[in-house]
Amino acid sequence: MTVLARPWCVPIRAATRRPLPGHRRLPHRSFLTSIPRSQAHRRSQDFNSGFTSSYDPSQDAGRGPIFAKSTFGVPRFYPRDLKRRVDDYVVGQDRAKKTICSVIFNHYQGLRRRQHHEAQDLRLREKLQRQKYAQDMHERTSYSGTPVHPVEDEFPGHSDSVQGSHGLPEEPFDSPSDTFYVQEDANVPRRVRIDKSNILLIGPTGVGKTYILETLSKKLNVPFTISDCNSFTQAGYIGQDVEACVERLLIEANYDIKATEHGIIVLDEFDKIAKRETLNGRDVGGEGVQQALLKLVEGTKVTVNVKDNRSSRPTSNPSSNGYGSPGSPAGPPSGKMDQFTIDTTNILFVFCGAFVGLDKVVLQRVSKPSIGFGSEIRSGRGASMAGAKEILPLEMYRHLPHQREPSFAVGRPGTTISGAFTPLDLTTPADLQLFGFIPELIGRMHNICALSPLSLDELYRILTEPRNSLVAQYTALFDTYPSRLFFTRRALFAIAERAAKNETGARGLKMEMERVLAEPMFDAPMSYVLITEGCVNGTEKACYWGKDGRLELERRIEEENAKDTADSDVTFEQFREAGQNGA
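Position numbers for residues count from 1 along each chain, tracking the sequence in the order it is written. Totals for whole chains, interfaces and linings use every residue, but because this is a predicted model, local features are given only for residues with pLDDT of at least 70 and side-chain atom pairs only at 80 or more, for both listing and counting. Side-chain calculation: all heavy atoms of the structure are included, whereas hydrogens and water are not.

Peer 1: How would you explain the overall build of the chain if you had to name every residue and give the values?
Peer 2: For helices the rule is a DSSP run of H or I covering at least 4 residues; for strands it is a run of E covering at least 2, with both sets numbered from the N terminus onward. When its secondary structure is counted, the chain shows 20 helices and ten strands. Only protein chains enter the calculation, and the probe is 1.4 Å; a residue is then buried if its accessible area is under 20% of its type maximum, exposed if over 50%, and partly exposed in between. Looking at the 583 residues of the chain, the share that counts as buried comes to 37%. Here a residue-residue contact requires only that any non-hydrogen atoms of the pair lie within 4.5 Å. The long-range share in the chain, meaning contacts at least 24 apart out of those at least 6 apart in sequence, stands at 73%. Of the accessible surface of the chain, which amounts to about 36,400 Å², a share of 53% is contributed by carbon and sulfur atoms. Computed by Shrake-Rupley with a 1.4 Å probe, the accessible areas treat only the displayed protein chains as cover when residues are assessed.

Below, the structure written as structure tokens:
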């Protein structure tokens, strides 16, 4: 007798189970999958689908398009764009404007690159920490044989208090001497650090050294301050310490530390702290200040103590600060002494000075090998800065950047040529050391830029061309009286000619305008006021007319313009530009 055995492949319950009346048997669904283990932790690449599997932080699966990408790319502007903006306010000094715009652009481009790399490195370190933590959890689980407590996922370290130690061997104790050497993390990429480049501006007074920097700071929206070096003394003596310039920058930035550390400090009258021989002790206002500036310019942390006694003043709105974020502090509390630590590593320092007599030092150095036919490069004792600039051959300036094509400037014989080189363009660190500066401070000035004196043509353009020209300023001032102010072309050229003789740069134009308009300002209001060449030279008085004097005014302007203009040597284009600005 043969006994048929039940097949082992059929479950007993499945064989003996009968469906209930009125119910339909559902098809059998198997919950066993044949997916390999390596694919169990893979995330779905379709970001529109839901969560399909677990995430293993130890595996580098990349970041999808839903995450923010890198914001560091092509700059929004270049040095030529900065110069184009400065040209609307500053006349001439093309070589200086190109150098200054390039230095400031490279400085903030380096800061932008450094901030981008710091953010990348921070995200990379956080990612490596998450991967290391996941790997440690896996090793602890495999070593102990028991799963990690669920609390460990949200609160690392709490599983020890719940279920005790996992039985891992304790790490050997490291002596303090073993922690002196910090190993370099191979996972973090090595970044190239771009150091800042400070700049030294040399030029006579009134040529636009600080005005160019002020214009650029407004366009860049960065904190900017000008400090006078005449008031600086060595620490411990009567006067201001060199850290006062950092405090002024902090106040300018509305007490925003981050904005302060990215600002610009201009040290004006820098030539006044040159070493000078003293008979009664140390040179606390010269070499002592230079020694104090070394670490400040190179980069150090300065502690600024600020005490605010403005209890009666209204509190300013923090959102009004244009340099920092809306949540940046608007200032220290009233009546309280606060300490601010400022890192000067990323602060750009600009040194400005007239350096009177430095051209003689340069000429002595250059003229040493000159004998016989080269004797013409020696200047006379009474030669001024404007007259001693064309005595060197052009071959000596071939190594300088931003060379321009030779051109003839509009002006009379004997006047300054627009944009010509001066002996100050040949300044070297050795010349500055002979002038009275220590080599350590000279080495921290990476760019030496000389500004040329303003020519007669440039002085005439300053009166009419810039947005804030003097003709536009005084015309707007007389409109408030109300009066209509007009200048003839010959009058404007006479003002520029008298200002050029003063050798005070663009500031001489302001002095001449105040002198010429002194009587019309006192006699105002008049409907029409005309300034002629005779008014500038003192042979005539200013011409006044009432409301019905418009035709007489035009006739007088045409009569003035009909005169012989050969002596003035002014082109028709300059006449037309002057007429559009109120002449």
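Having seen it, we continue.
Peer 1: Now, about the sheet that holds strand β9 (residues 528-531): what can you tell me, with residues and values included?
Peer 2: Pairing is mixed in the open sheet, where three strands are placed in the order β8-β9-β10. For this open sheet the edge positions go to β8 (484-487) and β10 (543-545), each flanked by a neighbour on one side alone. Strand-to-strand twist of the sheet, defined as the mean angle between neighbouring strand axes without regard to direction, takes the value 20°. A pair of strands is treated as paired once DSSP finds two or more bridges between them. Sheet topology note: the β9/β10 ladder contains three bridges and is antiparallel. Directly across from Leu530, in β10, lies its bridge partner Cys543. Lines fitted to the C-alpha atoms define the axes, with helices restricted to the stretch that makes contact. Angles between their N-to-C directions range from 0 to 180 degrees.

Peer 1: Tell me about the side chain of Asn198, and name the residues and values.
Peer 2: Within the secondary structure, Asn198 sits in the loop between α5 (159-163) and β1 (199-202). The exposure class assigned to Asn198 is buried, which follows from its relative accessible area of 1%. N or O atoms within 3.5 Å of each other form a polar contact, as long as, within protein, one can give a hydrogen and the other can take it, and as long as residues adjacent in sequence are counted only when both atoms are side-chain atoms. Of note is the side chain of Asn198, whose polar atom sits 3.3 Å from the backbone nitrogen of Phe349. One polar contact links the side chain of Asn198 to the main-chain carbonyl oxygen of Arg444, over a distance of 3.1 Å.

Peer 1: So what's going on with the environment of Glu552? Which residues, and what values?
Peer 2: Mapped onto the fold, Glu552 is located in helix α19 (residues 550-561). Accessibility expressed as a relative area gives 32% for Glu552, which makes it partly exposed. Side chain to side chain, Glu552 and Arg555 meet in a polar contact 2.4 Å long.

Peer 1: Would you mind going over the packing of helix α13 (residues 456-464) against helix α15 (residues 489-502) in detail, with residue names and values included?
Peer 2: Interhelical geometry of α13 versus α15 gives an angle of 125° and a closest axis separation of 9 Å. With respect to their mutual orientation, α13 and α15 come out oblique. In the packing of α13 onto α15, the handedness of the crossing is right-handed. Contacts from Leu456, Leu459, Tyr460, Leu463 and Thr464 in α13 reach Arg489, Leu492, Phe493, Ile495, Ala496, Glu497, Ala499 and Ala500 in α15. Among the residues making up the contact of α13 with α15, the classes are represented as ten nonpolar, one polar and two charged. Small angles under 35 degrees read as roughly parallel and large ones over 145 as roughly antiparallel, with 65 to 115 read as roughly perpendicular and the rest as oblique. The sense of a crossing depends on the near helix, which, turned anticlockwise from the far helix by less than a right angle, makes the crossing left-handed and, turned clockwise, makes it right-handed. Three categories are distinguished: nonpolar for Ala, Val, Leu, Ile, Met, Phe, Trp, Tyr, Cys and Pro, charged for Asp, Glu, Lys and Arg, and polar for the others, with Gly belonging to the last.

Peer 1: Talk me through unusual backbone geometry; I want residue IDs and the actual numbers.
Peer 2: With an omega of 5°, the peptide bond between Tyr481 and Pro482 qualifies as cis. Cis geometry is found at the peptide bond from Ala524 to Pro525, where omega equals 10°. With respect to the helices and strands, the residue Pro525 is situated in the loop between α17 (518-523) and β9. The backbone of Asn221 shows a phi angle near 60°, a positive value even though the residue is not glycine. The residue Asn221 is located in the loop between α6 (209-220) and β2 (224-228) in this model. Assessed through its relative accessible area of 45%, Asn221 is described here as partly exposed.

Peer 1: So, the sheet that holds strand β6 (residues 348-353): which residues are in play, and what are the values?
Peer 2: The parallel open sheet is built from five strands, whose spatial order is β2-β3-β6-β1-β7. Bordering the open sheet on either side are β2 and β7 (447-450), each of which pairs with just one other strand. The average undirected angle you get between the axes of adjacent strands in this sheet is 20°.

Peer 1: Tell me about the state of the cysteines, and name the residues and values.
Peer 2: Disulfides are defined as pairs of cysteine sulfur atoms found within 2.5 Å of each other. The tally for this structure, following the rule as stated, stands at zero disulfides. You can see Cys535 has no disulfide; the closest cysteine sulfur is in Cys543, sitting 5.5 Å from it. We classify Cys535 as buried; its relative accessible area is 11%.

Peer 1: A description of the pattern of salt bridges should follow, citing residues and the corresponding values.
Peer 2: Salt bridges are identified by distance alone: a Lys or Arg side-chain nitrogen within 4 Å of an Asp or Glu carboxyl oxygen. Tallied over the entire structure, the rule returns 23 salt bridges. Sharing partners across several salt bridges, the network here consists of Lys83, Asp87, Asp94 and Lys97.

Peer 1: Describe the packing of α15 against helix α16 (residues 507-516), naming the residues involved and giving the relevant values.
Peer 2: Following both chains from N to C, one finds α15 and α16 inclined at 125°, their axes separated by 8 Å at the closest point. Taken together, α15 and α16 sit at an angle that is classed as oblique. Read as a crossing pair, α15 and α16 show a hand that is right-handed. Contact residues: Ile495, Ala496, Arg498, Ala499 and Asn502 in α15; Gly508, Leu509, Glu512, Met513 and Arg515 in α16. Partitioned by chemical class, the residues of the contact of α15 with α16 number five nonpolar, two polar and three charged.

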